[in-house]
Amino acid sequence: MPISLTAFRAEQAIGKVWHRNAEGKITKEIRATLDAGDFLRKEFGSASELAGYVAQLNADVALTFGVPRDGFIQGKVVLKHQRQLNGHPAIARCSEDIQYPRGPGVLFVDIDADHYRPVEPIEARAELIEIFPALGRAPMVIVASQSSFIWDKEANACAQGKRGAHLYVIVDHGTDVPQLAKRIIDRLWLAGRMHYAPSSSGTRLTRGLIDITMFQPERFAFSARPECCDGLECRRPDPVVFN
């Protein structure tokens, strides 16, 4: 059976957008929401096919690792109260409309450089396998995050090097992702790779090697190279496939 996920296309670049501010300083803008757009269920025969797809993604596309309810293949993305759109299939990006596939799917691991340390994708994979050895046998695609390897063409210099990494672990059943994620998170706590940090409002946040909020079927992964403006360019390496 093929590996399933869903691609969401926005009306503009989504995820991180790199540009210069009024003072000429290199900065990033984060566009994390999509209130309207299109969705398309995608299927891949192997990790290599998935890697090729990720390598050529446009900046206006984000992925979820859940698939649309009711067997929908493509249609419109709308707000929850607008689901029935002129009689055509429409879904909202929420847990009621997007669920992990029963067949092969993706356990998406987001290595969080902001709350751990910058890593090359190959380093990230090795560190996770050290803690959770079963991942070493799984088909996997690894690639640098949208914050990595930003090049300033005007200065002919690297503006930002390695940061985070994305790991796409192929699993036999997408519905197993929540259980697998919990086991990985538990191991990370035991290994001292997770910690609590206070939020600005005083609540306790879980931080560490990975972003634990990503293990939801409707959660966006910004997998494409980011949009870069004002003489900037993303020069991250192409995805690498294991097993």
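Residues numbered from 1 in each chain as written. Predicted model: local features only at pLDDT ≥ 70, side-chain atom pairs only at ≥ 80, totals over all residues. Heavy atoms only, no water.

Caption draft 1: Representation of the sheet that holds strand E14 (residues 165-171). Here four strands make up an open sheet; going across it, the order is E10-E14-E11-E19 and the pairing antiparallel. Each having just a single partner strand, strand E10 (105-111) and strand E19 (240-242) make up the two edges of the open sheet. Recorded for the sheet is a direction-independent mean angle of 20° between the axes of neighbouring strands. Alignment of strand E11 (residues 140-144) against E19, held across three bridges, turns out to be antiparallel. When the bridges of E19 are listed, Val141 appears paired with Val241. (Pairing = 2+ DSSP bridges. Helix = DSSP H or I, 4+ residues; strand = E, 2+ residues; numbered from the N terminus. Axes fitted to C-alpha atoms, helices over the stretch in contact; angles between N-to-C directions.)

Caption draft 2: Broad picture of helix H1 (residues 47-55). Inspection of H1 places Ala47, Leu50, Ala51, Tyr53 and Val54 among the buried residues, and these make up the whole buried set. Along H1, the residues classed as buried sweep out an arc of 160° about the axis, all on the same side. (Buried < 20%, exposed > 50% of the residue type's maximum accessible area, 1.4 Å probe, protein only. Arc of directions from axis to C-beta.)

Caption draft 3: Geometry of unusual backbone geometry. You will see that Asp70, though not glycine, has its phi angle at about 60°, which is positive. Tracing the chain through its elements places Asp70 in the loop between strand E6 (67-68) and strand E7 (74-77). The exposure class assigned to Asp70 is exposed, which follows from its relative accessible area of 59%. Phi angles above zero are rare outside glycine, and Asp230 is one such case at about 60°. Here Asp230 is to be found in the loop between strand E17 (227-228) and strand E18 (232-234).

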